[in-house]
Amino acid sequence: MLLKTKFIQQLRTSFPGLQNKPLENLVSDNLLSPFVVELPPEALTQAQDFIQNIFSVRELPAYKAQLQSQIDSHGLVDPGNKSIMMSYDFHLDESNTLKLIEINTNASFLGLGVEMYKTHQLPLPVADFSYEEIRQSILTEMHLFGKTPSEPLQIVTTDETPESQRLYAEFLLYHELFQSWGWKSKILDYREVFEKSSPDFIYNRHTDFFLSSALSLPLKEKFLNKAACFSPNPYEYLLLADKNRMVEWSQANFFEGLGLSGAASESLRKHIPRAIDLSPENKDAIWSQRKKYFFKPMNAFGSKQSYRGSTVSRKTFEALPLNETLAQEYVLAPEGEHLTPEGPQKFKYDLRCYAYQGRLQMMLARLYQGQVTNLQTPYGGFAPVSFRPV
């Protein structure tokens, strides 16, 4: 049986409400890889340690004070809560050290990832994680937000035209999951959330991270007025996922300046590649060292308009927006060979580590060929991970 067919069957077994949904059209042929990525066991430990440590930095009053001018410039306030189901994406270097690629507050595929592991009949990397933890994290968010939810909790999953999103199947999964807990669930376009519902909680997958576009401003007003608990939200994005953080974190003595010990600072820094904001002052120097860098927009997501320095043309480089482009130290993606029906092929991969607050919840891999992850590579896509025996 094809993996896609088995996966859809698993989704419908776990969530009977999906029986009549057109999952065959919603699950792309290259969404899942048939392979399993084998990792050294220390990869899981490193991921948990980094997530716990960087979240402890996020909690420091000195850290928030240092970012206050940026918080003000975006017109944000602290809503009290954090962000559910976010991810930390890594490469694994030649010494088996995780190197941070980026942080995503609105990461996809946690729910689908759980079902992927079931399809492969493999244990989850974090053995004690379950859907119940998602429920508890949402209730924790409401507590931190400072409001008692209605009974039943009114929850909305939102994005731009959700039904057209590549992973709309995951929105349907969460809708069924939320309903199984007795909650009132809706999936709505971000422009219709408060027209068609009165939510307690908004699971926000919209990628206008600061809610700064003209069409997002009504939603931002609701966020600022605490009309509902937004998770993820713009404040958490600024503290952890804004690519300017990568620039600051890679600077000498940044963590020490917040009061962290040298040992704690070095523990974080070994996982954070050097990152620079491309500017008129450093543009020529960075061009001369371009092979050391990977270029990507400060305010985009995924692999949009991203370029490896060793292959970028001078014309493309000159067109990169100054003060809006991140030049990040290039860390070679790990690579493994897998046997396909066409013979042995090599696939690169990165690791996506899901978390809530300082807790690692799950890990999976994304296999691909070419420059960046694309979910278009035959036999590539999301894949489970396993750990070599010690």
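Scroll up for the structure.
Novice: Looking at this structure, how should I read the sheet that holds strand β5 (residues 184–189)?
Specialist: What links the strands of a sheet is backbone hydrogen bonding, and the strands pair in either a parallel or an antiparallel sense. Taken in spatial order, the four strands make up an open sheet running β5-β4-β6-β7, and their pairing is parallel. Edge positions in the open sheet fall to β5 and β7 (229–231), since each of these has one partner strand only. Strand-to-strand twist across the sheet, computed as the mean angle between neighbouring axes with direction ignored, equals 20 degrees. Of the strands in this sheet, β4 (154–159), β6 (201–204) and β7 are in contact with helix α7 (residues 131–145), which crosses β7 at around 130 degrees.

Novice: What exactly am I supposed to notice about the packing of helix α3 (residues 42–58) against helix α11 (residues 234–241) here?
Specialist: Between two packed helices, both the angle of their axes relative to each other and the distance between the axes serve to describe the pair. One way to put it is that α3 packs onto α11 with a least axis distance of 10 Å and a crossing angle of 115 degrees. Judged by the sense of rotation from one axis to the other, the crossing of α3 with α11 is right-handed. Mapping the contact onto sequence places Ile54, Phe55 and Arg58 in α3 and Tyr235, Glu236, Leu239 and Leu240 in α11.

Novice: I would appreciate a short explanation of the packing of aromatic side chains in the present structure.
Specialist: Given two aromatic rings, one states the distance between the centres and the angle between the planes to describe the pair. Inspection of the entire model under this criterion finds 20 aromatic pairs. Residues Phe15 and Tyr131 carry aromatic rings whose centres are separated by 5.9 Å and whose planes lie at 65 degrees to one another, so their mutual orientation is edge-to-face. In this pair, Phe15 is assigned in the loop between α1 (3–14) and α2 (23–26) and Tyr131 in helix α7, connecting sequence segments 116 residues apart. When its relative accessible area of 6% is taken as the criterion, Phe15 is described as buried. Looking at Tyr131, the relative accessible area reads 15%, which means it is buried. Summarising the aromatic geometry, the rings of Trp287 and Phe317 are spaced 5.0 Å apart at their centres and angled 45 degrees between planes, so their arrangement reads as tilted. Placement of the pair is Trp287 in helix α15 (residues 283–288) and Phe317 in helix α16 (residues 314–319), with a sequence separation of 30 residues. As far as burial versus exposure is concerned, Trp287 and Phe317 are alike and both buried. Each member of the aromatic cluster is reached from another via a ring pair, and the members are Tyr174, Phe178, Trp181, Trp183 and Tyr203. Between the NZ or CZ atom of Lys226 and the centre of the ring of Phe145, over which it lies, the distance is 4.5 Å. Its guanidinium or amino end placed over the ring of Trp287, Arg290 lies 3.8 Å from that ring's centre, counting from NZ or CZ.

Novice: Any chance you could explain the sheet that holds strand β9 (residues 293–297) here in plain terms?
Specialist: Overall, antiparallel pairing links the four strands, which are arranged β8-β11-β9-β10 in an open sheet. Of all the strands in the sheet, the pair left with one neighbour each is β8 (275–277) and β10 (307–308). Sheet topology places β8 next to strand β11 (residues 325–329); three bridges connect them, and they run antiparallel. If you follow Asp277 over to β11, its bridge partner there is Leu326.

Novice: Looking at this model, I keep getting lost on the side chain of Thr158. Mind explaining?
Specialist: As for its placement among the helices and strands, Thr158 is situated in strand β4. In terms of polar contacts, Thr158 uses its side chain to reach the backbone amide nitrogen of Tyr190, at 3.0 Å. The contacts of Thr158, once residues within four sequence positions are left out, are Leu188, Asp189, Tyr190, Val193, Ile202, Tyr203, Asn204, Arg205 and His206.

The rules behind the values
Residues numbered from 1 in each chain as written. Predicted model: local features only at pLDDT ≥ 70, side-chain atom pairs only at ≥ 80, totals over all residues. Heavy atoms only, no water. Pairing = 2+ DSSP bridges. Helix = DSSP H or I, 4+ residues; strand = E, 2+ residues; numbered from the N terminus. Axes fitted to C-alpha atoms, helices over the stretch in contact; angles between N-to-C directions. Contact = heavy atoms within 4.5 Å. Left-handed = near helix turned anticlockwise from the far one by under 90°. Phe/Tyr/Trp six-rings, centres within 6.5 Å; stacked < 30°, edge-to-face > 60°. Buried < 20%, exposed > 50% of the residue type's maximum accessible area, 1.4 Å probe, protein only. Lys NZ or Arg CZ within 6 Å of the ring centre and 35° of its normal. Polar contact = N/O pair within 3.5 Å; in protein donor to acceptor, adjacent residues only side chain to side chain.

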